[in-house]
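Okay, here's what each chain looks like letter by letter:
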Amino acid sequence: MTLIELESVGKRYFLHHKRQLLAERVAGKLRRRERVSFWALRDVNLRIEAGEAVGIIGANGAGKSTLLSIVVGVTSPTEGTVIQRGRAAALLELGSGFHPDLTGRENIHLNAALLGYNRAMVQARLDSIVEFAGIPDFIDEPLRTYSSGMMARLGFSVAIHLDPDILVLDEVLSVGDQEFQKKCVDRIEDFRRQGKTLLFVSHSAGAVESLCRRAVWLELGRVRRDGPAAEVVAEYRNAPARVGV
Amino acid sequence: MSTTSHDHLYILYNLIAKDFKVRYRNMSLGIFWSLMNPLIMMAVLSYVFTRVFPTKIHNFPVFLLIGLVPFNFFSLAWASGTNSILDNAALVKKVRFHREVIPISVVLGNVIHFAIQLILLMLLMFWFGGAINRHWFWLPVVFGLEIVFVCGLALAFSALDVYYRDIRYVVESANLVLFWMVPIFYSHDQVPKDFVVFYELNPVAAVVQACRMILLEARSPLHSLMIKLTLVSFGSLLFGFVLFGRLKKRFADYV
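Given the structure is predicted, the values throughout are model-derived calculations rather than measurements.

A. Region of the structure containing the overall build of chain B. Of the regular secondary structure elements, chain B holds 11 helices and 0 strands. Written out in order from the N terminus, the α and β elements of chain B read α-α-α-α-α-α-α-α-α-α-α. Against the compact-globule benchmark of 18 Å for 255 residues, chain B has a radius of gyration of 19 Å, which places it among compact chains. Once the C-alpha set of chain B is aligned to its principal axes, its extents read approximately 60 × 45 × 35 Å. Within chain B, the fraction of its 255 residues that count as buried is 55%. Of all intrachain contacts in chain B linking residues separated by at least 6 positions in sequence, the fraction that spans at least 24 positions is 79%. Split by element, the accessible area of chain B, about 12,200 Å² in all, is 70% carbon and sulfur. Taking the average location of the 21 positive side-chain charges in chain B and that of its 13 negative ones, the two points are 5 Å from each other.

Pasting the structure below:
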């Protein structure tokens, strides 16, 4: 089954400096000057089947995070169509949905609700989430005392326990330590063995190569190469970087 | 669509719990701050209107608090509701769920403080010799309608605030004007005839008027007043949902 289908997807952003003031809006309407825009993504076609592990690589500003936001449905494309089937758990940013004044345990509840758990699911998995995060001394401390690695542990633990059909990760594993990264990789491989789907963004071509069989290389908002991870990563490494924006 | 699998009531509950815990965790006096604010306001205004500009109104502190408590709830819930989407930019950008939950959770979070202040008001009522009567059954209806009304405003203004950042200052100024233009420290009867129309159009004034009828005059609020309040409240909610629904699609690009 195809879980993610993108057809000639484009996303345009406007560059607007003072735009969000009432006076500027009115003045802008009167002057009718051209607004400056750029395409963060253009003509992207992508089909991801159930059970695939796809890595997305590319330089800063290539459109990787925009692509994930569109797949997850946080933002809508300017043109083209997006279809996403199955339950997705997305970790687009470290600690999004976490509050610094709440304890780790309280944040698990909040974050789980936002990701799509209901009360019964949280209760059934709470112990397991806490255990996987592996920070027993800090779990009842406020989050502002956490290191970024500890936040990554908590965030990843909540997302993986949701038991999604698609796990979407944006550059969140890189802050964990070796031991935890290994734990995550093991868990992701387990997850993959169950025929689940992974969509993974990283600057680290190495991480994409080891976790994914397929890689998509984005450059300036377009798909430059889509194929077996080893080949795409090798080509990406040899190419001179073209940074967008 | 993965959003449909979300349990939005559970999200709502968690967001309200978050606001509540965060607000009180760092305060040693905790929930007493909810009581201090109206008590201080009541003390100051009572001083002004019994000693500086003496008023003929009987039991002025109670009279005042009946206006102040619903107004405080209205202005705080409206203002914090308006800021809610931008305050939660990280969520809007990175997590998918129905965004309507955000402003509504903020309004309902304020309802907790409203309830605490209402208890204070009731205690003061009894202390000044008031007694419960059957018309008190109207109170939950009146307050319920006020909550519905503010939810509508919070939805509409939080969505507009994303695109026009000055909206929050418009709301602040409007609240300042309303403090004087709602009969809080004067009674509805004292309003000049040619201005009565502005009060009739104002749902917050209607709420205060209804509360005074129930609590001070021990009678049910005028039916015409309640009908207007009902229409305006649900009208506001409908308008809020429709406007929010139209504007929310591009939130993530603008916050």
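B. How the structure looks around helix H1 (residues 8-25) of chain B. Between its terminal C-alpha atoms H1(B) stretches 25 Å, which fits the 26 Å expected from 18 residues at 1.5 Å a residue. Taken together, the buried positions of H1(B) are occupied by His8(B), Tyr10(B), Ile11(B), Leu12(B), Asn14(B), Leu15(B), Ile16(B), Ala17(B), Lys18(B), Val22(B) and Tyr24(B). Packing partners of the buried residues in H1(B) comprise helix H3 (104-115) and helix H4 (119-133) of chain A together with helix H2 (32-52), helix H4 (89-94) and helix H5 (101-127) of chain B.

C. Highlighting a nonpolar patch on the surface. Residues and elements named next belong to chain B. On the surface, Leu29, Ile31, Phe32, Trp33, Met36, Ile40 and Val44 cluster together into a nonpolar patch covering about 640 Å² of accessible area. Its location among the elements puts Ile40 in helix H2. Judged by its relative accessible area of 46%, Ile40 falls in the partly exposed class.

D. Spotlight on the side chain of Lys196(A). All names here are of chain A. For Lys196, the position within the fold is in the loop between helix H6 (178-193) and strand S7 (197-201). Its relative accessible area of 12% is what places Lys196 among the buried residues. A distance of 2.9 Å separates a polar atom in the side chain of Lys196 from a polar atom in the side chain of Asp163. With residues near it in sequence (within four places) discarded, Lys196 still touches Gly51, Glu52, Asp163, Pro164, Asp165 and Phe191.

E. Layout of unusual backbone geometry. Residues and elements named next belong to chain A. Not every positive phi belongs to a glycine, and Asp43 is a case in point at roughly 55 degrees. Among the secondary structure elements, Asp43 is positioned in strand S2 (residues 36-49). Taking the relative accessible area as the measure of exposure, Asp43 reaches 40% and is therefore partly exposed.

F. Highlighting the interface of chain B and chain A. If you look at the interface, chain B gives 33 residues, while chain A gives 37 residues. Both faces considered, chain B and chain A share a buried interface measuring about 3,100 Å² in area, 54% of it formed by carbon and sulfur atoms. It is Tyr10(B), Lys94(B) and Asp253(B) that lose the most area in chain B upon contact with chain A, and together they represent 22% of the buried surface on that side. Our count for the contact surface shared by chain B and chain A stands at 2 salt bridges. For Glu106(A), the salt bridge is made with Lys21(B), and the minimal N-O distance between the two is 3.7 Å. Looking at the side of chain B that touches chain A, the elements with two or more residues in it are H1, H4, helix H6 (138-163) and helix H11 (251-254) of chain B. The greatest single-element share of the side of chain B that touches chain A, amounting to 9 residues, is contributed by H1(B). In terms of residue class, the side of chain B that touches chain A is built from 16 nonpolar, 5 polar and 12 charged.

G. Representation of the pairing of strand S8 (residues 214-219) of chain A in the model. All names here are of chain A. Of all 6 residues in S8, 6 are buried, a share of seventy percent or more. Both faces of S8 are covered, namely the face carrying Arg214, Val216 and Leu218 and the face carrying Ala215, Trp217 and Glu219. Pairing of strand S3 (residues 53-57) with S8 involves 4 bridges; the strand directions are parallel. When the bridges of S8 are listed, Val54 appears paired with Arg214. Alignment of S8 against strand S9 (residues 222-228), held across 6 bridges, turns out to be antiparallel.

Parameters at a glance
- Residues numbered from 1 in each chain as written.
- Chains lettered and ligands numbered in written order.
- Predicted model: local features only at pLDDT ≥ 70, side-chain atom pairs only at ≥ 80, totals over all residues.
- Heavy atoms only, no water.
- Helix = DSSP H or I, 4+ residues; strand = E, 2+ residues; numbered from the N terminus.
- Rg over C-alpha atoms; globule rule 2.2 N^0.38 Å.
- Buried < 20%, exposed > 50% of the residue type's maximum accessible area, 1.4 Å probe, protein only.
- Contact = heavy atoms within 4.5 Å.
- Areas by Shrake-Rupley, 256 points an atom, 1.4 Å probe, with all protein chains shown as cover.
- Lys, Arg positive; Asp, Glu negative; His and termini not counted.
- Charge placed at Lys NZ, Arg CZ, Asp CG, Glu CD.
- Expected span 1.5 Å × (residues − 1).
- Patch = residues over 30% accessible without salt bridge, like charges linked within 9 Å, V, L, I, M, F, W, Y side chains within 5 Å.
- Salt bridge = Lys/Arg side-chain N within 4 Å of Asp/Glu carboxyl O.
- Polar contact = N/O pair within 3.5 Å; in protein donor to acceptor, adjacent residues only side chain to side chain.
- Buried area = accessible area lost by both parts, 1.4 Å probe.
- Nonpolar A, V, L, I, M, F, W, Y, C, P; charged D, E, K, R; others polar.
- Pairing = 2+ DSSP bridges.

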